[in-house]
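Observations on chain architecture
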Amino acid sequence: MDIKTLERLQKLNQLKLTEEETEKLMAFFETAGKDAEILDTVNTENVERMVYVMPMTNIIREDIAKKLFTRDQLQEQAPEAMDGYWQVPRLVD
Amino acid sequence: MYIAETEKSVKNIVVDDMILTTDMATSAGSRMLDGYISLFEAEAVTKLTEAGYKVYAKANTGEFNLDLMGETSFYGPVEADGVLTTAAAQAVKSGDAMAAVTLEVNGSSARGAALAGLTFVKPTYGTVSRFGTIPAVCSGETVCVTAADAATAKEVLWTIKGHSDKDGTSLPQEKCVFDEVKEIKKVAVAKSLMVGEGAAKVEEMKAKLSAQGIEVVEIDGEELLLAKSAWNILMSAELCNNVSKYDGVKYGYRTPNYETIDQLYTNSRTEAFGYLTKSVVLFGSETLSEDNYFKVYDKAQRIRRVICEALAKVFGEFDAILAPVSSKLSYTAEEAIANPYIAYEESLYIAPAMISGVPAVVTDGVQLVGPAFSESSLLALAEKL
């Protein structure tokens, strides 16, 4: 792990670390990287990946629109809203 | 302790801060969701209420329940008699709640129960609906029960289990019936997990099991060590995906420090998430990157199958595996906070059951892990001990 990669990851994930946090995290990546090394010792060439441990089936529902909540209810939790719209900074000049 | 209390009754159930309720805030222990009140409630809450239980309070958790025992909560850790505990365990231990229903994400519920001397059951993955829980590590997280004894844990688990159309990972109803009690006659102790102070509790339990006429046999269990590494990778990758939606736009914390949309996103997430969550997100993101996807993430998913097959082999010969729950018998909040990655280390003990979805019962400070749908048998044994 190098500082450039860590900067790229922060940008991708919309996060910003302090200098002290960056240093701590670099050390953590070294330790966590060992997990990958351990797994690498096992030959999984003929092993299929397992995403879920139980067999999953799609749940099919009728394609009928349901109005579960009103706009007002949904916007009760909005950090900023006006006239029924969520407010964000200007995106296009 | 962060517990929003309402009226008390003898059938009081406390649910943790990952389980949605419409009359109390659900914050996932995070500043991001501080004060968030859901418009709908969790399936487990609906089932409890319909059965006459009173979901009376919310128990504090660590941020997204990733940590050791709540030490990363935005509201601060919970300590009892100078040692770290979970708010859920404390509510049960104090007698305020008959049981706690919590979302087990990375072992904090099991550890909280074990270190408080309570009974805990993590049922087979898919037998309790996750609808209305805050998603963190979807392929492993499970709605669990903590109680003072096995009979109460069973009563509450039987109330909340069952198929749900609202949860794509919910098993069919016929699979959610695990009433058959099979007598546990042979238990394996994996030497690979017998490290740390928790091993002493296992030794005590071995004597108890032997006194019950149960054969206890030591096995190597080397494959179980892989579970920790694979789980840490899968847990981080899934968490990274699940918290990507928190951006400060439609709900949740929004920074006052922004002029552009990028600043709104970045500053909201940076100010709201704690250090552990940020670390897990960044590490998870790295495991999913183009360079690492096959080498790390895909590999961990294949190892998950290796572990499931290794466990199936053990359960072909043994009825359960006996193991410690944690490396120490008590922790202070200070030491947990000082080591932000302590949960990554402690996942050694909980990873085999979390990654494979098999049930685990904590009793007398140790865990008994059994094959899928063996919770009745494990709880029956815990009741006898």
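Shown above is the structure to which this text applies.
Within any chain, residue numbers begin from 1 and follow the written order of that chain's sequence. Each chain is given a letter, starting from A, and each ligand a number, starting from 1, according to the order in which they appear as written. Residues qualify for local features only when their pLDDT is at least 70, as the model is predicted, and side-chain atom pairs are given and counted only at 80 or more; totals for whole chains, interfaces and linings, by contrast, use all residues. Only hydrogens and water are set aside when side-chain values are computed; all heavy atoms of the structure are taken into account.

**With respect to the overall build of chain A**
Starting at the N terminus, helices and strands are each numbered in turn, a helix being any DSSP run of H or I of at least four residues and a strand any DSSP run of E of at least two. Check the secondary structure of chain A and you find 3 helices and 2 strands. Order of helices (α) and strands (β) in chain A, N terminus to C terminus: α-α-α-β-β. Against the 2.2 N^0.38 benchmark of 12 Å for 93 residues, chain A shows a C-alpha radius of gyration of 23 Å, more extended than a compact globule. If you line up chain A on its principal axes, its C-alpha atoms span 55 × 45 × 25 Å. Each of the 93 residues in chain A was classed as buried or not, and the buried ones make up 28%. All radius of gyration figures rest on C-alpha atoms, and the globule criterion is 2.2 Å times the number of residues raised to 0.38. Exposure classes here rest on a 1.4 Å probe applied to the protein chains alone. A residue is buried below 20% of its type maximum, exposed above 50%, and partly exposed in between.

**As for empty space enclosed by the protein**
All names here are of chain B. Grid points spaced at 1 Å over the protein atoms alone were grouped into cavities, where a 1.4 Å probe fits but cannot get out, and pockets, open sets with protein on both sides within 12 Å along at least five of seven lines, with lining residues defined by an atom within 4 Å of a point. Grid points are joined across faces, edges and corners, and a volume is the space filled by probe spheres set on the points. In total, this model carries 3 cavities of 30 Å³ or more according to the counting rule given. The space that makes up the largest cavity amounts to roughly 100 Å³. Residue lining of the largest cavity: 18 residues in total, with Thr86, Ala88, Thr102, Ser108 and Ser109 positioned closest to the centre. Of all the secondary structure elements, the ones that give two or more residues to the lining of the largest cavity are α2 (87-93) and α3 (108-115). If you tally residues by element for the lining of the largest cavity, the top one is α3, at 4 residues. Residue classes in the lining of the largest cavity are distributed as 5 nonpolar, 11 polar and 2 charged. As a working rule, the residues Ala, Val, Leu, Ile, Met, Phe, Trp, Tyr, Cys and Pro are called nonpolar, Asp, Glu, Lys and Arg charged, and the rest polar, with Gly in that last group.

**Here we look at the environment of Phe315 of chain B**
Residue and element names in this part refer to chain B. Along the chain, the position of Phe315 falls in helix α9 (residues 293-317). When its relative accessible area of 14% is taken as the criterion, Phe315 is described as buried. Here the alpha-carbon distance between Phe315 and Tyr275, two residues 40 residues apart in the chain, equals 39 Å. Residue contacts follow a heavy-atom distance rule, with two residues in contact if any of their heavy atoms lie within 4.5 Å. Leave out the neighbours within four places in its chain, and Phe315 touches Ala320, Ile321, Val369, Gly370 and Pro371.

**Some points on the packing of aromatic side chains**
Stacked, tilted and edge-to-face pairs are distinguished by plane angle, under 30 degrees for stacked and over 60 for edge-to-face with tilted covering the rest, among Phe, Tyr and Trp rings (Trp via its six-membered ring) whose centres lie within 6.5 Å. Going through the model one piece at a time under the given rule, you end up with 20 aromatic pairs over all chains. Relative to Phe40 of chain B, the ring of Phe69 of chain A has its centre 6.4 Å away and its plane inclined at 25 degrees; by these criteria the two rings are stacked. Separated into two different chains, Phe69 of chain A in the loop between α2 (19-40) and α3 (71-75) and Phe40 of chain B in the loop between β1 (12-16) and α1 (43-50) make up a pair that spans both. When its relative accessible area of 33% is taken as the criterion, Phe40 of chain B is described as partly exposed. With a centroid separation of 6.5 Å and an interplanar angle of 75 degrees, the aromatic rings of Tyr341 of chain B and Tyr344 of chain B are classed as edge-to-face. For the pair formed by Tyr341 of chain B and Tyr344 of chain B, the shared burial category is buried.

**Examining the layout of surface pockets**
Of the voids in this model, the largest pocket is the one considered here, and its volume is about 500 Å³. Around the largest pocket, the lining comprises 22 residues; the ones closest to its centre are Leu20, Tyr36, Ser38, Phe40 and Tyr251 of chain B. Of the residues that constitute the lining of the largest pocket, the class distribution is 14 nonpolar, 5 polar and 3 charged. Considering only enclosed or pocket space, the second largest pocket measures out at about 400 Å³ in volume. Forming the walls of the second largest pocket are 17 residues, and the residues nearest its centre are Gly33 and Ala36 of chain A together with Glu286, Asn292 and Val296 of chain B. Among the secondary structure elements, those contributing two or more residues to the lining of the second largest pocket are α2 of chain A together with α8 (275-287) and α9 of chain B. For the lining of the second largest pocket, the leading source of residues is α2 of chain A, giving 8 residues.

**Re the nonpolar core**
Nine residue types can take part in a nonpolar core, namely buried Ala, Val, Leu, Ile, Met, Phe, Trp, Tyr and Cys, and a core is a set of them joined through side-chain atoms within 4.5 Å. Counting 138 residues, the largest nonpolar core has Leu25 of chain A together with Ile13, Phe64, Val101, Val145, Ile160 and Leu322 of chain B as the members making the most contacts within it. It is helix α6 (residues 222-242) of chain B that contributes the most residues to this core, 11 residues altogether. Aside from chain neighbours lying at most four places away, what touches Val101 of chain B is Ile13, Val14, Val15, Asp16, Ile19, Ala44, Leu48, Val143, Cys144, Val145, Val156 and Ile160 of chain B.

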